[in-house]
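Letter by letter, the chains look like this.
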Amino acid sequence: MNSRKLVIAVLLLAGIGAFFALDLGRYLSLAFLKESQSSFQAVFEKNPVWVTLVFFAVYVAVTGLSLPGAVIMTLAAGAGFGLVLGTIVVSFASTLGATLAMLAARYLLQDSIQDRFGKRLDEINKGIKKEGAFYLFSLRLIPVVPFFALNLLMGLTRIRTWTYFWVSQLGMLAGTVVYVNAGTQIAKIDSLQSIASPALIGSFVLLGVLPLAVNKVLQFLKRRKVYARWAKMRPARFDRNLIVIGAGAGGLVSAYIAAVVKAKVTLVESHKMGGDCLNYGCVPSKALIRSAKLAHQMKHGASYGLSDGTPAFSFKAVMQRIQAVIRAIEPHDSVARYTGLGVEVLQGHARIVNPWTVEISLNGGGTQTLTTRSIVIAAGARPLVPPLPGLDDTGYLTSDTLWEAFAQLDAVPGRLVILGGGPIGCELAQAFARLGSQVTQVEMAPRLMLREDEEVSELARQALAADGVSVLTGHKALRCEASGGVKTLVVEHAGSELRLDFDQLICAVGRVARLEGYGLEELGIPVQRTVDTNEYLQTMYPNIYAAGDVAGPYQLTHVAAHQAWYAAVNALFGEFRLFKADYSVIPWTTFIDPEVARVGLNEQEAREKNIPFEVTRYGMDDLDRAIADGEARGFVKVLTVPGKDTILGVTIVGTHAGDLLAEYVLAMRHGLGLNKILSTIHTYPTLAEANKYAAGEWKRAHQPHRLLEWVRRYHDWKRG
């Protein structure tokens, strides 16, 4: 707490302490009010303006300091000022006092509470931003809710001050009128309980619940309007509880969850079980990368005390191994496994006919139509092919099609051009270069891996260049040409054209969601780059959900599985409670060598969002295990809240960076700081020690120097 906050806190505590120490509460009792009514009235008649202003200021002080007595003062306003003026004075004084109490709580406590419970408060703040005024109004209508507690709690959120002021004034008006009016009849009041009768409190509760009920009715009417055109098609009974379209990561997890909770679920897949990740993405690319790394290590045997050698291998055998890896993992995602779990798996193309009906064109012929209470669309994404003139004439491959095409080759492609400098392009470029291809990587942006910090992009470029990749950033592909059996990509850079001859060209410029052919257009579901969903992953039809690449915003297998939990649980149990998809801690890794792994903010994002941060670095070249393994390159970079060990984000560059990142993902997910990591025992010698040493670097930079100076003097004194 800084000095200014300390002064304010002391003043507030002094005011509260003085109230109780001087027994000022005796002036805020019903008995005193009755005794002093006539004298108050006489003073008011002589100096109405000054009495009103003093009363107003005292009321603001009582409510601002959250002191007991606001009810008595409200009665006093009615007794002294009458119904109209009393209501005006109390309405504005109580609102101003409540707002000051809220601001005091925000100024003194919000930062510390945010630091400790930031991740949990993020969702609350999102809700406050969206419907905070609505819920504040409802709570203000119910006098049984302690207003001082409401002021304190709302101060910890990010509700706007003006919104808090006018909503509080409007919400407290009904209660103010009741108590001011009671004050005009002060002689008839024997106790406060006689005012706040059960009937009156019940009325206020009903009044407070009314906006909530109205909101529910509005939601019901909105849903009814959305479904109006399909109302006559809604079946009386349903064949399924859930139909899932797509058997990639999102679809498999959705179907699995439904089966576990004993729902009747059908999973529809038109092509291969396991989706892109198993068949074209994560699995085959990592198998390729492993073979390429081994070839690289054989070439550089001298680095390990062995002899350098040229690896002898069959490229066809490498591709066959990749297919063998896929086959080994296939049973995890197979029809047999999911059928055994209780999922009905249909091979065919699904089309949503209406919000409760799915028509499936079976691969084996015929059509099956099923009704369902809910639907999850998990159709995935496909590679984006740029509209380059001549591309179809020269031919091209994508990250989906290259595996089958290259499996037919006896040797690695001689001249390989890869379009795209993102994670997929970088992984493929390095792997094929290590296997012997002459690789040219073309990226229109000024650097590779544009979402990462500039130093990370530069390290990636250096790593690829060291393996023989010709990295051309800032080069725009213009067209493809074929002449005399030679295929050429023409690119533009700095105003001049460059011609790149190639044997194979791979498009790795991104992926786009599969949105066509599923009936979304006919249903009127908005789609642009992805299916339009809310925070619960619902489309415009509350019973139709989307998860994975088709929903965005991340095209990552583990995010698709993460979203699938929310989509499936909301689809099956949404009438009881809906869960908002949580993207607060999302990790990802680019599997080049050295790997690049990240979670949370990096420096460029923090600057773009104007979020203050500190940077702590630990170099892998200092880590014993990395040195022993010949992998002493890269770093751990941690962004923290200035002066605190709260983790904002982590970037790791180095061998097995993706594995090392998991400790930080866990820490951020559960609100653990660097001090907790530092106090955790890590096995020696392991790569995981890098995380502890990074925490140690942070600790060293935040030593309590003044305290240590006193400790030094203590030790000097002990030595005599």
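Residues numbered from 1 in each chain as written. Predicted model: local features only at pLDDT ≥ 70, side-chain atom pairs only at ≥ 80, totals over all residues. Heavy atoms only, no water.

Peer 1: Outline the sheet that holds strand β18 (residues 595-600), supporting the account with residue identities and numerical values.
Peer 2: Working definition: the strands of a sheet are paired by backbone hydrogen bonds and lie parallel or antiparallel to each other. Strand order in the open sheet formed by five strands is β17-β18-β21-β20-β19, with antiparallel pairing between adjacent strands. Strands at the two margins of the open sheet, each flanked by one partner only, are β17 (587-590) and β19 (614-619). Put simply, the sheet's adjacent strands are angled 10 degrees from each other on average, direction ignored. Sheet contacts for helix α19 (residues 454-466): β18, β19, β20 (635-640) and β21 (647-654); angle to β20, the most-contacted strand, approximately 165 degrees. (Pairing = 2+ DSSP bridges. Helix = DSSP H or I, 4+ residues; strand = E, 2+ residues; numbered from the N terminus. Axes fitted to C-alpha atoms, helices over the stretch in contact; angles between N-to-C directions. Contact = heavy atoms within 4.5 Å.)

Peer 1: Residues and numbers for the nonpolar core, please.
Peer 2: Ranked by size, the top nonpolar core spans 41 residues in total, and within it Leu288, Phe406, Phe432 and Ile506 carry the most contacts. Mapped by element, the contributors of at least two residues to this core are α13 (282-299), α14 (315-329), α17 (402-406), β8 (415-419), α18 (423-434) and α19. Within the second largest apolar cluster, 28 residues are counted, among which are Tyr227, Leu346, Ala379 and Ala551. (Core = buried A, V, L, I, M, F, W, Y, C linked by side-chain atoms within 4.5 Å. Buried < 20%, exposed > 50% of the residue type's maximum accessible area, 1.4 Å probe, protein only.)

Peer 1: Explain the pattern of salt bridges residue by residue, including any values.
Peer 2: Side chains that differ in sign of charge can pair as their charged atoms come close. Under the definition given, this model contains 29 salt bridges. Between aspartate 593 and arginine 633 there is a salt bridge, with its nearest N and O atoms 3.0 Å apart. Of this pair, aspartate 593 sits in the loop between β17 and β18 while arginine 633 is found in the loop between α23 (624-628) and β20, placing the two residues 40 residues apart along the sequence. Overall, arginine 633 belongs to the partly exposed group, its relative accessible area being 33%. When the shortest N-O distance is used, the salt bridge between arginine 712 and glutamate 709 registers 2.5 Å. Note that arginine 712 and glutamate 709 are positioned in helix α27 (residues 705-718) at a spacing of three residues, about one turn of the helix. (Salt bridge = Lys/Arg side-chain N within 4 Å of Asp/Glu carboxyl O.)

Peer 1: Give me the lowdown on helix α4 (residues 48-64), citing residues and values where you can.
Peer 2: Since the α-helix packs 3.6 residues into each turn, any two residues three or four apart lie on the same face. Relative to the 24 Å expected for 17 residues at 1.5 Å per residue, α4 spans 24 Å between its end C-alpha atoms, a close match to the ideal helical length. When we look at burial in α4, the residues that qualify are Val51, Thr52, Phe55, Tyr59, Val60, Val62 and Thr63. All buried residues of α4 lie within an arc of 165 degrees about the axis, which places them on one face of the element. In α4, the exposed positions that point more than 90 degrees away from the buried face belong to Val49 and Trp50. Looking at the residues trailing α4, positive phi occurs at serine 66, about 60 degrees. (Expected span 1.5 Å × (residues − 1). Arc of directions from axis to C-beta.)

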